[in-house]
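Chain by chain, the residues run as shown.
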Amino acid sequence: MSKKTLHVAVDPGAKGAIIAGTSLENFSIYSIPETLADLVSLVSGISNAHHGPVHIWMERNTGYMAGITRRNSEGIEEAGGVSPKAMYVFGLNTGRVEGVLQAVLGSSLRYASPIKWMNAAGIVTGRKKFLSTSHWKNILKQECITRFDGILLPKQITLVNCDALLIFHAVVTRRLR
């Protein structure tokens, strides 16, 4: 008897999420923990609960932060209102999550840029550049509520976990390869 594949979908931001499961009917949602020790504990728990193949998909940030570049009050250039410190923290957290996933789960990562996973999920991305970040995130959240109708309650889908849920959905339905 073959063991089911554990699919792990990750939005690695500090306010991101990890979704782990074998199907749309069997998965768990986890917020990214704040500390490295808590992250190791979480991923170890996921690993100990599953004894089969593991496929990990992680959102790959291209380093491009959409929006108009401007100077803040201190004269530092910001892309789309995102400060260099925020970009640094995002990169640091991404590396931390990536390292723990590979070390604990012992599986290689596959990466999907936001455009790649959104296209695989059938989400039209062309209008994104004309919308505020919060408006766009709410569109993604509504899309997630639609796709997980009958599986999750709408209140279980948040701005924190909707990207990871949409990546998970695209992977499990074999749209993201």
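1. Quick notes on the packing of aromatic side chains
Aromatic ring pairs are described here by two measures, namely the spacing of the ring centres and the angle between the planes. Enumeration over the complete set of coordinates arrives at 2 aromatic pairs. When the centroid spacing of 5.3 Å and the interplanar angle of 45° are considered together, the rings of Phe 27 and Phe 168 count as tilted. Taken together, the residues Phe 27 in strand E3 (residues 26-31) and Phe 168 in helix H5 (residues 162-172) connect sequence positions 141 residues apart. Of the residues examined, Phe 27 reaches a relative accessible area of 16% and is grouped as buried.

2. Observations concerning the sheet that holds strand E7 (residues 109-112)
The mixed open sheet is built from 5 strands, whose spatial order is E3-E2-E1-E4-E7. Only two strands of the sheet have a single neighbouring strand rather than two, namely E3 and E7. Strand-to-strand twist in this sheet, taken as the mean axis angle between neighbours without regard to direction, amounts to 20°. Both strand E4 (residues 54-59) and E7 contribute to a ladder of 4 bridges, which runs parallel. By the bridge assignment, Glu 59 is partnered in E7 with Ala 112. H5 rests against strand E1 (6-11), strand E2 (17-23), E3 and E4 of the sheet, and its axis sits at about 145° to E1.

Reading the values: the criteria
- Residues numbered from 1 in each chain as written.
- Predicted model: local features only at pLDDT ≥ 70, side-chain atom pairs only at ≥ 80, totals over all residues.
- Heavy atoms only, no water.
- Phe/Tyr/Trp six-rings, centres within 6.5 Å; stacked < 30°, edge-to-face > 60°.
- Helix = DSSP H or I, 4+ residues; strand = E, 2+ residues; numbered from the N terminus.
- Buried < 20%, exposed > 50% of the residue type's maximum accessible area, 1.4 Å probe, protein only.
- Pairing = 2+ DSSP bridges.
- Axes fitted to C-alpha atoms, helices over the stretch in contact; angles between N-to-C directions.
- Contact = heavy atoms within 4.5 Å.

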